[in-house]
There are 2 protein chains.
Amino acid sequence: MIRNWRWTEYSVCLSCTDWADVDLARLSLNSITLKSLSLSQLVVACERRDVPALAPWRQLLPDNDVRSAAKALHRAGLTVSSLCRGGMFTAADDHGRKLAIADNRRAIEQAHALNARCLVIVVGPVVGTDLAGSRAMVRDGLGAVLADAQSAGVRLAIEPLHPMLAADRSVVCRLDEALDLCEELTPTAVTGTRDQLGVIVDAYHVWWDAGLEAAIARAGSRIAGVHVSDWVSPLTGELASGRGMMGDGVIDLPQLVGWCDLVGYTGPVEVEILSDHWWSLPADRVLDTVIDRFTTNV
Amino acid sequence: MIRNWRWTEYSVCLSCTDWADVDLARLSLNSITLKSLSLSQLVVACERRDVPALAPWRQLLPDNDVRSAAKALHRAGLTVSSLCRGGMFTAADDHGRKLAIADNRRAIEQAHALNARCLVIVVGPVVGTDLAGSRAMVRDGLGAVLADAQSAGVRLAIEPLHPMLAADRSVVCRLDEALDLCEELTPTAVTGTRDQLGVIVDAYHVWWDAGLEAAIARAGSRIAGVHVSDWVSPLTGELASGRGMMGDGVIDLPQLVGWCDLVGYTGPVEVEILSDHWWSLPADRVLDTVIDRFTTNV
């Protein structure tokens, strides 16, 4: 269970005496968990169940009217824990890389309009067989949009993905690799820029790493978000959509979240479950389970 | 292509002028690549195609007569590049861990009888949600059989498996983790024991790791074997049997093998392809392709 329940930006619950509610104070619902719902349906679902934060994927936003989405979220009192996602900086040619940079600038504008705590960055897969070259593309792409993020006041958060996704989604596979990138682009020594670039600690992607506790300690205030789900063995279905519900798998989630708390992370904990199984069930039932498991297994 | 083709233990090819043959001098066929064949069928296949080395899985060995297998391999002039496998030291209770140690002692005897260059160690999966505890079981299990290996003259080789197999097969996921274990159990400072415990560099399991080149340099003479196959995206079928043929995927195999050569590895390069696709094809055709791709893509 989440031991450090104080979340400074959600002050309502500081005076709350119902402990079941208190445990939800840090819950954020990542929209992909209830993939079948529209943004307005997600807002209603969160309001009804006292879920204080939501993390929308960009495909839910209306093309040219992100402000109406922002208003709906604000009206419901929902914090936007993150916007998912920017990144995908790797491409076979210069044209592709330029398109990615333009898309990241749009994502930064949207994150700004939504007042999102961060924009999640999924960096992009290997190009050909050139891992080092692909990682250089990521560094250059991030470098190209960092000033835009800074002037918009949007925090970028690199999410290392599981190594099994290196060929499809992300050549940044470990938290330490993400932190190396942060250090290179926004060195700690330069005051004021350090935390402009942060990291997401997603349990599903990093749980296996023997160096995880040390990497979380190293990350410290660079932690921009924590995501939970579970690793259920054996993995079934597609690599990207076989995640389990918290408590159904092998990840020690209280330990992982506890490590983040210990170095000062007090923000939302997003439930992000990409799962063919859970997507096949009614959204209400899934949300019931999310809330139940969040209070007992996170 | 393998640039350093000298393999001191296969001196026949040192005077060879047929470069196609020279390239095969380091080829070893891991038996699982042609899963449908018996040990005697594999021996015949290797003899016919001038494959100089074979790496049998233990299930191919007759229960109480490993010496007849050893004789057949010796008669055919085949080097046994490795025996697959020992390990699986993690278990929910003491009884299970003792059974694993007993099984590893049998595997060490078999590796000795076959004059195998090493016994591959797949350490075992996470027990419950306790990664650290599971890794301690691995350390203790390896520690318990190290003296047996030493007196039998059998080299143990820890094979880190891909992090996606941490819940099913191995809590040692990176080459650096395997080397940490080696350092702990057989410190470099103790003369004569250092290389008793080595590592396997299997491209499929470690290709994604940004720290791989440095880890290979760190490993140096601890490298007891190199395995090749390829990572084909998207991964299909079961996690453990979706490997690709060399050249069909995203791994820069010449670079990886070159890094091993650079730190002094001159031994066999095993082709180990666990693949529902390749298992469905005739063994002859698969071996043709293995030989072709080994000379052009490794």
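Below or above, wherever it landed, is the structure these notes cover. (Residues numbered from 1 in each chain as written. Chains lettered and ligands numbered in written order. Predicted model: local features only at pLDDT ≥ 70, side-chain atom pairs only at ≥ 80, totals over all residues. Heavy atoms only, no water.)

## As for the interface of chain B and chain A
Interfaces are frequently sized by the accessible area removed from exposure as the parts join. Taken together, the contacts link 27 residues of chain B with 27 residues of chain A. For the pair chain B and chain A, the summed buried area comes to about 2,100 Å², and 65% of that belongs to carbon and sulfur atoms. Between chain B and chain A we count zero salt bridges in total. Linking chain B to chain A there are four residue pairs in polar contact (both at pLDDT 80 or more). (Contact = heavy atoms within 4.5 Å. Buried area = accessible area lost by both parts, 1.4 Å probe. Salt bridge = Lys/Arg side-chain N within 4 Å of Asp/Glu carboxyl O. Polar contact = N/O pair within 3.5 Å; in protein donor to acceptor, adjacent residues only side chain to side chain.)

## Observations regarding helix α8 (residues 212-219) of chain B
All names here are of chain B. Those residues of α8 lying buried are Leu-212, Ala-215, Ile-216 and Ala-219. All buried residues of α8 lie within an arc of 100° about the axis, which places them on one face of the element. Taken from the residues just after α8, Gly-220 is the one with a positive phi, measuring 50°. (Buried < 20%, exposed > 50% of the residue type's maximum accessible area, 1.4 Å probe, protein only. Helix = DSSP H or I, 4+ residues; strand = E, 2+ residues; numbered from the N terminus. Arc of directions from axis to C-beta.)

## What about the sheet that holds strand β9 (residues 269-271) of chain A?
Residue and element names in this part refer to chain A. The strand order across the open sheet formed by nine strands is β3-β2-β1-β9-β8-β7-β6-β5-β4, and the pairing between neighbours is parallel. Of all strands in the sheet, those bounded by a partner on one side alone are β3 (79-80) and β4 (83-87). Bridge count between β4 and strand β5 (residues 119-122): four bridges; the pairing is parallel. Bridge pairing in β5 links Cys-84 to Val-120. (Pairing = 2+ DSSP bridges.)

## Focus on the sheet that holds strand β4 (residues 83-87) of chain B
Residues and elements named next belong to chain B. Strand order in the open sheet made by the nine strands is β3-β2-β1-β9-β8-β7-β6-β5-β4, with parallel pairing throughout. Looking at which strands have only one partner, the edges of the open sheet turn out to be β3 (79-80) and β4. Pairing between strand β6 (residues 156-158) and strand β7 (residues 197-202): three bridges, direction parallel. Among the inter-strand pairings, Ala-157 is bridged to a residue of β7, identified as Gly-198.

## Section: the pairing of β5(A)
All names here are of chain A. Here β5 shows no split at all, with Leu-119 and Ile-121 on one side and Val-120 and Val-122 on the other all buried. Looking at chain direction, β5 and strand β6 (residues 156-158) are connected through three bridges and run parallel. If you follow Val-120 over to β6, its bridge partner there is Ala-157. Each parallel crossover has a hand, and for β5 linked through helix α5 (residues 131-152) to β6 it is right-handed. (Right-handed = clockwise from strand over helix to strand, strands pointing away.)

## Section: the pattern of salt bridges
Per the stated rule, a full pass over the model turns up 34 salt bridges over all chains. Here Asp180(A) and Arg218(A) are joined by a salt bridge, their closest N and O atoms 2.8 Å apart. Remark: Arg218(A) occurs in helix α8 (residues 212-219) and Asp180(A) occurs in helix α6 (residues 175-185); sequence separation between them is 38 residues. Judged by relative accessible area, which is 34%, Arg218(A) ranks as partly exposed. Asp176(B) is the salt-bridge partner of Arg218(B), the closest N and O atoms lying 2.8 Å from each other.

## What to know about the relation of the copies chain B and chain A
Note on the chain copies: they are related by a rotation about an axis and a translation along it. Rotating chain B by 180° and moving it 0.0 Å along the rotation axis overlays it on chain A with an RMSD of 0.0 Å. In symmetry terms, the pair is related by a two-fold rotation axis. A share of 100% of the interface residues of chain B reappears at the interface of chain A, consistent with the copies meeting face to face through the same patch. (Least-squares fit on C-alpha atoms with pLDDT ≥ 70 in both.)

## So, unusual backbone geometry
Residue and element names in this part refer to chain A. The linkage connecting Ser-233 with the following residue, Pro-234, adopts the cis geometry, with an omega of -5°. Among the secondary structure elements, Pro-234 is positioned in the loop between β8 (223-228) and α9 (253-262). Even without a glycine there, the phi angle at Asp-50 is positive, about 55°. Here Asp-50 is to be found in the loop between α2 (39-48) and β2 (53-55).

## Brief notes about the nonpolar core
Core analysis: the largest hydrophobic core is formed by 204 residues, its most contacted members being Leu156(A), Trp207(A), Trp231(A), Leu156(B), Trp207(B) and Trp231(B). With residues near it in sequence (within four places) discarded, Leu156(A) still touches Ile108(A), Leu119(A), Ile121(A), Leu142(A), Val145(A), Leu146(A), Ala149(A), Gln196(A), Leu197(A) and Gly198(A). (Core = buried A, V, L, I, M, F, W, Y, C linked by side-chain atoms within 4.5 Å.)

## Re the packing of helix α4 (residues 94-114) of chain B against helix α5 (residues 131-152) of chain B
All names here are of chain B. The geometry of α4 relative to α5 is characterised by a closest axis approach of 10 Å and an angle of 30° between their N-to-C directions. The angle between the axes of α4 and α5 places the two elements in the roughly parallel class. Viewed along their axes, α4 and α5 form a crossing whose handedness is right-handed. Counted together, Arg-97, Ile-101, Asn-104, Arg-105, Ile-108 and His-112 of α4 and Met-137, Gly-141, Ala-144, Val-145, Asp-148, Ala-149 and Ala-152 of α5 form the full contact between these two elements. The residue makeup of the contact of α4 with α5, split by class, is seven nonpolar, three polar and three charged. (Axes fitted to C-alpha atoms, helices over the stretch in contact; angles between N-to-C directions. Parallel < 35°, antiparallel > 145°, perpendicular 65-115°, else oblique. Left-handed = near helix turned anticlockwise from the far one by under 90°. Nonpolar A, V, L, I, M, F, W, Y, C, P; charged D, E, K, R; others polar.)

## A short note on the packing of aromatic side chains
Counting across every chain of the model gives five aromatic pairs over all chains. Geometrically, the ring pair formed by Trp208(A) and Trp208(B) is edge-to-face, given 5.8 Å between the ring centres and 85° between the ring planes. In this pair, Trp208(A) is assigned in the loop between α7 (203-206) and α8 and Trp208(B) in the loop between α7 (203-206) and α8, connecting two distinct chains. Just as Trp208(A) is buried, Trp208(B) falls in that class too. Ring pairing ties together the aromatic residues Tyr204(A), Trp207(A) and Trp231(A), which thus form one cluster. In this structure, Lys35(A) is placed above the aromatic ring of Trp279(A), and the distance from its NZ or CZ to the ring centre is 3.8 Å. (Phe/Tyr/Trp six-rings, centres within 6.5 Å; stacked < 30°, edge-to-face > 60°. Lys NZ or Arg CZ within 6 Å of the ring centre and 35° of its normal.)

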